Amino acid sequence: MTQTTPTPVRRPASTRTIVIAAVVDVVLVLVFVLIGRSSHSEGFSLGGTLVTFWPFVVGLVVGWVATRAWRYPLRLVLPGIPIWLFTVAVGMFLRVLSGQGVEVSFVIVALIVLGVFLLGWRLIAGFVARRVAARNDTASRTAARNGWQ
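Nothing here was measured: the structure is a model prediction, and the numbers come from that model. (Residues numbered from 1 in each chain as written. Predicted model: local features only at pLDDT ≥ 70, side-chain atom pairs only at ≥ 80, totals over all residues. Heavy atoms only, no water.)

Topic: helix H1 (residues 15-39)
So the rule is basically this: The way it works is that DSSP assigns letters per residue, a run of H or I at least four long becomes a helix, a run of E at least two long becomes a strand, and they are numbered from the N terminus. Helices are assigned an expected span. That span is 1.5 Å times one less than the residue count. Note on exposure labels: buried denotes an accessible area under 20% of the residue type's maximum, exposed denotes more than 50%, and partly exposed covers the range between, all computed with a 1.4 Å probe on protein chains only.
Between its first and last C-alpha, H1 extends 36 Å over 25 residues, near the 36 Å set by a 1.5 Å rise per residue. Of the residues making up H1, those classed as buried are Ala21, Asp25, Leu28, Val29, Phe32, Val33 and Arg37. Remark: Ser41 follows H1 within two positions and exhibits a positive phi of approximately 55°.

As for the nonpolar core
Rules: For the purposes of this section, nonpolar cores are sets of buried Ala, Val, Leu, Ile, Met, Phe, Trp, Tyr and Cys residues that join through side-chain atoms within 4.5 Å. Throughout, a residue-residue contact means that at least one pair of heavy atoms, one from each residue, lies within 4.5 Å.
The biggest cluster of nonpolar side chains holds 22 residues, and the ones touching the most others in it are Val29, Phe32, Phe56, Leu114 and Leu118. Of all elements in the fold, only H1, helix H2 (46-67), helix H3 (76-97) and helix H4 (104-145) reach the threshold of two or more residues within this core. Element by element, the count of residues in this core is highest for H4, at 7 residues. Contact partners of Val29, with chain neighbours within four places excluded, come to Phe53, Phe56, Val57, Leu60, Thr87, Leu114 and Leu118.

Let's talk about a nonpolar patch on the surface
Going by this rule: Only residues whose relative accessible area exceeds 30% and that form no salt bridge enter a patch; like-charged residues are grouped when within 9 Å of one another, and nonpolar side chains (Val, Leu, Ile, Met, Phe, Trp, Tyr) when within 5 Å. For every accessible area listed, the method is Shrake-Rupley and the probe measures 1.4 Å; residues are considered covered only by the protein chains on display. A pairing counts as a salt bridge when a side-chain nitrogen of Lys or Arg comes within 4 Å of a carboxyl oxygen of Asp or Glu.
Taken together, the side chains of Val19, Val23, Val27, Val31 and Ile35 present a nonpolar region at the surface, about 380 Å² in accessible area. Following the sequence through the fold, Val27 ends up in helix H1. Judged by relative accessible area, which is 42%, Val27 ranks as partly exposed.

Remarks on the packing of H1 against H2
Filter applied, for reference: Where helices are involved, their axes are fitted lines through C-alpha atoms of the stretch in contact, as for all axes, and angles between N-to-C directions lie from 0 to 180°. Left-handed describes a crossing whose near helix is turned anticlockwise from the far helix by less than a right angle; the clockwise case is right-handed. By the convention adopted, Pro, Cys, Tyr, Trp, Phe, Met, Ile, Leu, Val and Ala count as nonpolar, Lys, Arg, Asp and Glu as charged, and the other residues, Gly among them, as polar.
Relative to each other, H1 and H2 sit at 145°, their axes nearing to 9 Å. Considering the relative orientation of H1 and H2, their crossing is right-handed. Facing Ile18, Ala21, Ala22, Asp25, Val26, Val29, Leu30, Phe32, Val33, Leu34 and Arg37 of H1, the residues of H2 in contact are Gly48, Thr49, Thr52, Phe53, Phe56, Val57, Leu60 and Trp64. Across the contact of H1 with H2, the residue classes break down as 14 nonpolar, 3 polar and 2 charged.

Structure (structure tokens):
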């Protein structure tokens, strides 16, 4: 007889996880904007920062909605990669529509930096979550084996 292993059921993310993931995404997009503005000697001004920031935040929101990221916001492939690509593509499109500059080099830098930011933290979070789950699983098996449960 062949024995099949049941597929683990993924539970949707908690509200706390969703909020934290959304805040981390927004903060990292803001960090991208602030780094870019400072590297071009534009300095910090609230108005200038918001003008640069809003197209990318709209792209981020579009990515979250398109992928329904609130279900599993920490996953790398889906929703992570589409969120990253929507953030860049919609952000650049809105920059063009609003008369802001879009150079090829800027698109490349945005793809790289936002990719590292928006995918990097998900990669780290996934690694930590797997480690914690493995540790908890090991502790549960040990407790069961020793009759502690």
